[in-house]
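These are the residues of each chain, in order.
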Amino acid sequence: MVTESVTAVEAITLGEQGSTQKAAIERVSGMLFDLGAVEAGYGGSMLAREAVISTYLGNGIALPHCTYEDRGMIKRTALVLAQYPNGIPWGDDDDRAFLVFGLAAVGDEHLAVMSHLAEVLDDEDLCARLATATDAEYVRETLAAPTE
């Protein structure tokens, strides 16, 4: 059974003005570090993973996380969100991330987080609203809403 804490967004920052994928990854990895969820250097592993395969999920969502080899840098499972209302170029083609989730997951807990996010964020209109929301509590409650 998955606990709510596994899929809860622990830290949210809205209205970020960064313009690069690297800056966005540094932002969310820093948030994870500040929460005590990861060791220093976790952001470098997130960037390395991105070089292998894009973590862009569609609907303006990116979910950077570390490489398999660096999972030892994770102290505990945590999920954070940095919102970029203007979007960040991400991955290939014309992909733009407006919601950048930073993930650190122990064991297989990332599967529960990714499954929950996929269900909640499958709604394109909802993703657009979250991309420009100005109320962090609204974002937190929306993302925490139970899925059917």
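Note that this is a predicted model, so its numbers are computed, not measured.

A. View of the sheet that holds strand S3 (residues 61-62). Taking strand neighbours across the sheet as the criterion, the five strands line up as S1-S4-S5-S3-S2 in an open arrangement whose pairing is mixed. The open sheet is flanked by strand S1 (11-13) and strand S2 (56-58), the only strands paired with a single partner. Pairing of strand S4 (residues 78-89) with strand S5 (residues 96-104), which is carried by eight bridges, proceeds in the antiparallel orientation. Within S5, the residue paired with Ala78 across the bridge is Ala104. Those strands touched by helix H2 (residues 21-34) are S1, S4 and S5, and its axis lies near 155° from that of S4.

B. Representation of helix H5 (residues 124-132) in the model. The set of residues buried in H5 consists of Leu126, Cys127, Leu130 and Ala131. Along the axis of H5, the buried positions cluster into a sector of 140°, meaning they face one direction only. Opposite the buried face of H5, at more than 90 degrees from it, the exposed residues are Asp125 and Thr132. Those residues of H5 that are buried are in contact with S3, S4, S5, helix H4 (109-120) and helix H6 (136-144). Backbone nitrogen of Asp125 and a side-chain oxygen of the N-cap are separated by 2.9 Å at the start of H5; the cap is Asp123.

The rules behind each value
- Just so you know, the residues in each chain are numbered from 1, in the order the chain's sequence is written.
- Restriction of local features to residues with pLDDT of at least 70 applies here, the model being predicted, together with a cutoff of 80 or more for giving and counting side-chain atom pairs; totals for whole chains, interfaces and linings are based on all residues.
- As a rule here, side-chain values come from all non-hydrogen atoms in the structure, and water together with hydrogens is ignored.
- Paired strands, as defined in this entry, are two strands with at least two bridges between them according to DSSP.
- Counting from the N terminus, the helices are the DSSP runs of H or I reaching at least four residues and the strands are the DSSP runs of E reaching at least two.
- In this analysis, two residues are considered to be in contact whenever any of their non-hydrogen atoms come within 4.5 Å of each other.
- Axis geometry follows a simple rule: fit a line to the C-alpha atoms, using only the stretch in contact for helices, then measure angles between N-to-C directions, giving values from 0 to 180 degrees.
- Relative accessibility thresholds used throughout: buried, under 20% of the residue-type maximum; exposed, over 50%; partly exposed, between the two (1.4 Å probe, protein chains only).
- This arc corresponds to the set of directions leading from the helix axis out to the C-beta atoms.
- Each polar contact in these results corresponds to two N or O atoms within 3.5 Å; when the atoms are within protein, one needs to be able to donate a hydrogen and the other to accept it, and residues that are neighboring in sequence are counted only if both atoms are side-chain atoms.

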